[in-house]
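Now for the letters of each chain:
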2 protein chains.
Amino acid sequence: MTTEATHNAPGLPIASVERETGLSKDTLRVWERRYGFPTPDRDANGERLYTQLQVRQLAQIKRLMDRGHRPGRLLALDASALAALDTPDEANPGAPDPQLDDWLERVKSHDSDALERQFHRELARRGLARFVVDICAPLITRVGEAWSRNELGIFEEHLFSQHLEKLFRTTLANMAPQSGSPRVLLTTLSGEEHTLGLLMVESLLVVEGAYPVLLGPQTPINEIVRAAQVKAVDAVCLSFSTAYAPTQAAQGLRDLRQMLPARTELWAGGYGVKGIRKPIEGVCLVPEFQDLFDCLVRWRIETGGKSAN
Amino acid sequence: MTTEATHNAPGLPIASVERETGLSKDTLRVWERRYGFPTPDRDANGERLYTQLQVRQLAQIKRLMDRGHRPGRLLALDASALAALDTPDEANPGAPDPQLDDWLERVKSHDSDALERQFHRELARRGLARFVVDICAPLITRVGEAWSRNELGIFEEHLFSQHLEKLFRTTLANMAPQSGSPRVLLTTLSGEEHTLGLLMVESLLVVEGAYPVLLGPQTPINEIVRAAQVKAVDAVCLSFSTAYAPTQAAQGLRDLRQMLPARTELWAGGYGVKGIRKPIEGVCLVPEFQDLFDCLVRWRIETGGKSAN
DNA sequence: GTCAACTATTTGTCCAGGACAATATGACTA
DNA sequence: TAGTCATATTGTCCTGGACAAATAGTTGAC
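The model shown is predicted, which means the values in this text are computed figures rather than measured ones.

Student: Before we go on, may I ask you to explain the packing of aromatic side chains in this structure?
Tutor: Within the structure shown, the criterion is met by 10 aromatic pairs over all chains. Seen in terms of ring centroids, Phe119 of chain A and Phe131 of chain A are 6.2 Å apart; in terms of plane orientation they differ by 90°. Their pairing is edge-to-face. Taken together, the positions of Phe119 of chain A in helix α7 (residues 112-126) and Phe131 of chain A in helix α8 (residues 128-148) put the pair 12 residues apart, joining distant regions of the chain. On the basis of relative accessible area, Phe119 of chain A is assigned to the buried category, the value being 1%. When its relative accessible area of 0% is taken as the criterion, Phe131 of chain A is described as buried. Judged by centre distance (5.5 Å) and plane angle (45°), the ring pair of Trp103 of chain B and Phe119 of chain B falls under tilted. One end of the pair, Trp103 of chain B, is in helix α6 (residues 98-108); the other, Phe119 of chain B, is in helix α7 (residues 112-126), and 16 residues separate them in sequence.

Spelled out as structure tokens, the structure:
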């Protein structure tokens, strides 16, 4: 069924493969040179044409790399050995929360209605802040892990994200504050498309009496600086998902810190910052939501709770 | 004020410039080779380090290219000649709708509250479909043009998008249908982050009695195919903004068409498809919203209004 | 046995410069 | 004016070499 349309497939050029897999052209070429895989066909002009199978295998390898495997080993294996690695082998290391498992099951089976009802119920029961910290964040982590174990695909992950996004946007629409401090600009760097982290942070900030300015994802650094100035914010808060390469994230943070006025704080949150080892001067790393509260408290003590702008 | 933090700027590596400007590394290098601009400094290792000024100039050049200028000409000019080109010179060619001008002014001056009130008012007055077609689409076009004329920045554009997104999501949350036909999957290809187009299409489809499945932006082709199968949709609808290179869009559509079952229709909408000259077999190009209605009607006639799945 | 320091390997990204196809421009003709 | 063809422009692809950052493996001290 899935291969029915692969009749006269001429193959995908390298740019398409980069777009689909997220592996750079440089990486694709150097893998071919070093490990002999993938070895795509060539067109009349000598340009690479990858088969659908190769693209699927590359996506699989990328997933396994996120689980800690190294490309040198993976690329030496054949398809069956890869498949053996790719099965959901180990049990989940964290506490096996039955409710989370329950939800994960719903995500896997695309049971949108049940998922949405349950979200609303838990939100009402726990309140927004606890809902974010105790339910959303762990569940998103679980979904990410499940994806890396090949238990569900990007499709399910997207659908799940859309439900949460709808929930947050409707909830937040009814409680937009007129004022508050600190004023915090929320966005991501170019290349980071995940908005969910921003919406969760926005929720927490509103509840805590701060004034978030949601700018949406993917703002160039120059424009972040200008926005911070125009909106007179006290802090810029960026969000990084697992997908963002830690080395790129660190570079981006350095670039931005260099251009931002010293009085404007720079906070970086999300799963993606956990990979950053060395602290960056003038940047506050916020890997967990709890650390965000710490950041807020610290700012309020240091400034007396008043915006400097 | 804007240059205050540029004290010890060591410059940005080529990867950062690619991320910030959207110009590929290949393009940056070939411009340097051919036109002698930009000529970045080099670090101890011989790697390029671009100054902030160079990055700003590159962004300016990219904007001017979107207005129809050619790089060969632009890169031969010096900074002052570029600035002369970059002023908002010509008047807008279309009908100078005073209301649109009014709104554009609000966008430029970050008058969020007034903007939001006016959106709600017009939505109530015209109804959702007319609001999308008569107000939203032209306004988005106008904002895009204003951006290309350097009258406003990405920051303002992001803020504007966030307001519209909030409006659509709250409106749509209250009218999600239980059924309808055709069933249409809504998403974009990797690299296209704009969600607004999808939300507008979703609105129109709901109003017209169809059943949209919103998947959010940036789904890999493989996953689009799987989603179409699982959700048993009759059509996949992709959205392309101006930013998406027409050649990339066409290639992506060909890639997807090749993998999708023949019975599943493929519609491609948005400003970005206007750049596609040659029709692509099996792909329905929908440059204007009116064409979407045509697509719907055609599908209903051809199939008798019933899903084939 | 554990931890730290050091060395070796791995791996992604950068570089140069050549080539070519797709697009846009401009000249010429009907 | 509109269509056709030659020419110029321009982005992307190619090869193969190099190197720095990160990771793995080893050794030695406590």
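Student: Just to check I follow, could you spell out the relation of the copies chain A and chain B for this structure?
Tutor: Both copies of the chain are related by one operation, a rotation about an axis with a shift along it. The transformation that overlays chain A on chain B combines an axial shift of 0.0 Å with a rotation of 180°, and the residual RMSD is 0.1 Å. Viewed as a symmetry operation, the transformation between the two copies matches a two-fold axis. Taking C-alpha positions as reference, the residue of chain A nearest the rotation axis is Thr170 of chain A, located at 2.6 Å. Residue by residue, 100% of the interface of chain A is reproduced at the interface of chain B, so both copies engage with the same surface.

Student: Looking at this structure, how should I read helix α11 (residues 221-230) of chain A?
Tutor: Every α-helical turn comprises 3.6 residues, leaving residues that sit three or four positions apart pointing alike. Along α11 of chain A, the residues that are buried comprise Ile221, Glu223, Ile224, Val225, Ala227 and Ala228 of chain A. Lining the buried residues of α11 of chain A we find β3 (183-187), β4 (211-216), β5 (235-239) and α12 (246-259) of chain A together with α1 (14-21) and α9 (154-173) of chain B. Ala232 of chain A, located one to two residues past α11 of chain A, shows a positive phi value of around 50°.

Student: How should I be thinking about the protein's contact with DNA strand D in this particular structure?
Tutor: What surrounds DNA strand D is a group of 24 residues, the closest being Lys25, Arg29, Arg48 and Arg70 of chain A together with Arg70 of chain B. Close to the protein, within 4 Å, the atoms of DNA strand D belong to sugar or phosphate groups at a rate of 70%. Between DNA strand D and Arg42 of chain A there is a distance of 3.2 Å, counted from a phosphate oxygen to a side-chain nitrogen or oxygen. Pro71 of chain B is positioned such that a nitrogen or oxygen atom in its backbone is 3.4 Å from a phosphate oxygen of DNA strand D. Of all the secondary structure elements, the ones that give two or more residues to the surface near DNA strand D are α1 (14-21) and α2 (25-35) of chain A together with α2 (25-35) and α4 (71-74) of chain B. Among the elements that make up the surface near DNA strand D, the one with the highest residue count is α2 of chain B (six residues). Of the residues contributing to the surface near DNA strand D, the split by class is seven nonpolar, five polar and 12 charged.

Student: Teacher, can you tell me more about the interface of chain A and chain B here?
Tutor: Size of an interface, as often reported, equals the accessible area lost when the parts are brought together. In this assembly, 59 residues from chain A lie in contact with 59 residues from chain B. In total, chain A and chain B occlude about 5,200 Å² of area from one another, counting both sides; carbon and sulfur atoms represent 52% of this. The largest share of the area that chain A buries against chain B comes from Arg19, Phe155 and Gln258 of chain A, three residues that together contribute 14% of it. The tally of links between chain A and chain B comes to six salt bridges.

Student: Is there a simple way to explain the sheet that holds strand β7 (residues 284-286) of chain B in this structure?
Tutor: Whether parallel or antiparallel, the strands of a sheet pair through hydrogen bonds between backbone atoms. Residue and element names in this part refer to chain B. Spatial ordering of the open sheet is given by β4-β3-β5-β6-β7, a layout of five strands whose pairing is parallel. Edge positions in the sheet fall to β4 (211-214) and β7, since each has one partner strand and no second. Averaged over all pairs of adjacent strands, the angle between their axes in this sheet comes to 25°, without regard to strand direction. In terms of strand pairing, strand β5 (residues 235-239) meets strand β6 (residues 265-269) through five bridges, oriented parallel. The residue bridging Leu238 from the neighbouring strand is Ala268, located in β6.

Student: What is the right way to read the sheet that holds strand β6 (residues 265-269) of chain A from this model?
Tutor: Residues and elements named next belong to chain A. Spatially, five strands are ordered β4-β3-β5-β6-β7 in an open sheet, and the strand pairing comes out parallel. The open sheet terminates on both sides in strands that have one partner only, identified here as β4 and β7 (284-286). Averaged over all pairs of adjacent strands, the angle between their axes in this sheet comes to 25°, without regard to strand direction. Bridge count between β3 and β4: five bridges; the pairing is parallel. Counterpart to Thr187 in the pairing with β4 is Gly216. Helix α13 (residues 289-303) rests against β6 and β7 of the sheet, and its axis sits at about 170° to β6.

What counts, and at which threshold
- The residue numbering used here restarts from 1 in each chain and proceeds along that chain's sequence as written.
- Starting at A for chains and at 1 for ligands, labels are handed out in the order in which the entities are written.
- Given that the model is predicted, a residue must reach a pLDDT of at least 70 before its local features are reported, and side-chain atom pairs must reach 80 or more before they are shown or counted; all residues, however, enter totals for whole chains, interfaces and linings.
- Values reported for side chains reflect all heavy atoms of the structure, with hydrogen atoms and water molecules removed beforehand.
- Note on aromatic contacts: the rings of Phe and Tyr and the six-membered ring of Trp form a pair at centre separations within 6.5 Å, being stacked when their planes are under 30 degrees apart, edge-to-face when over 60 apart, and tilted otherwise.
- Helix and strand definitions follow DSSP, with helices as H or I runs of at least four residues and strands as E runs of at least two, each counted in order from the N terminus.
- Burial classes: relative accessible area under 20% of the type maximum marks a residue as buried, over 50% as exposed, and values in between as partly exposed (1.4 Å probe, protein chains only).
- Least squares is used to superpose the copies, and the fit set is the C-alpha atoms of residues whose pLDDT is at least 70 in both copies.
- Two residues form a contact once any of their heavy atoms are found within 4.5 Å.
- Nearness is defined per residue: one heavy atom within 4 Å of the molecule or strand is enough.
- Two N or O atoms form a polar contact when they lie within 3.5 Å of each other; inside protein one atom must be a possible hydrogen donor and the other a possible acceptor, and for residues adjacent in sequence the pair counts only when both atoms belong to side chains.
- In this classification, the charged set is Asp, Glu, Lys and Arg, the nonpolar set is Ala, Val, Leu, Ile, Met, Phe, Trp, Tyr, Cys and Pro, and all remaining amino acids, among them Gly, are polar.
- Once two parts are put together, the accessible area they lose, assessed with a 1.4 Å probe and summed over both, is termed the buried area.
- Salt bridges are identified by distance alone: a Lys or Arg side-chain nitrogen within 4 Å of an Asp or Glu carboxyl oxygen.
- Pairing between two strands is assigned when DSSP locates at least 2 bridges connecting them.
- Every angle, taken between N-to-C directions, lies between 0 and 180 degrees, and every axis is a line fitted to C-alpha atoms, over only the stretch in contact when it is a helix.

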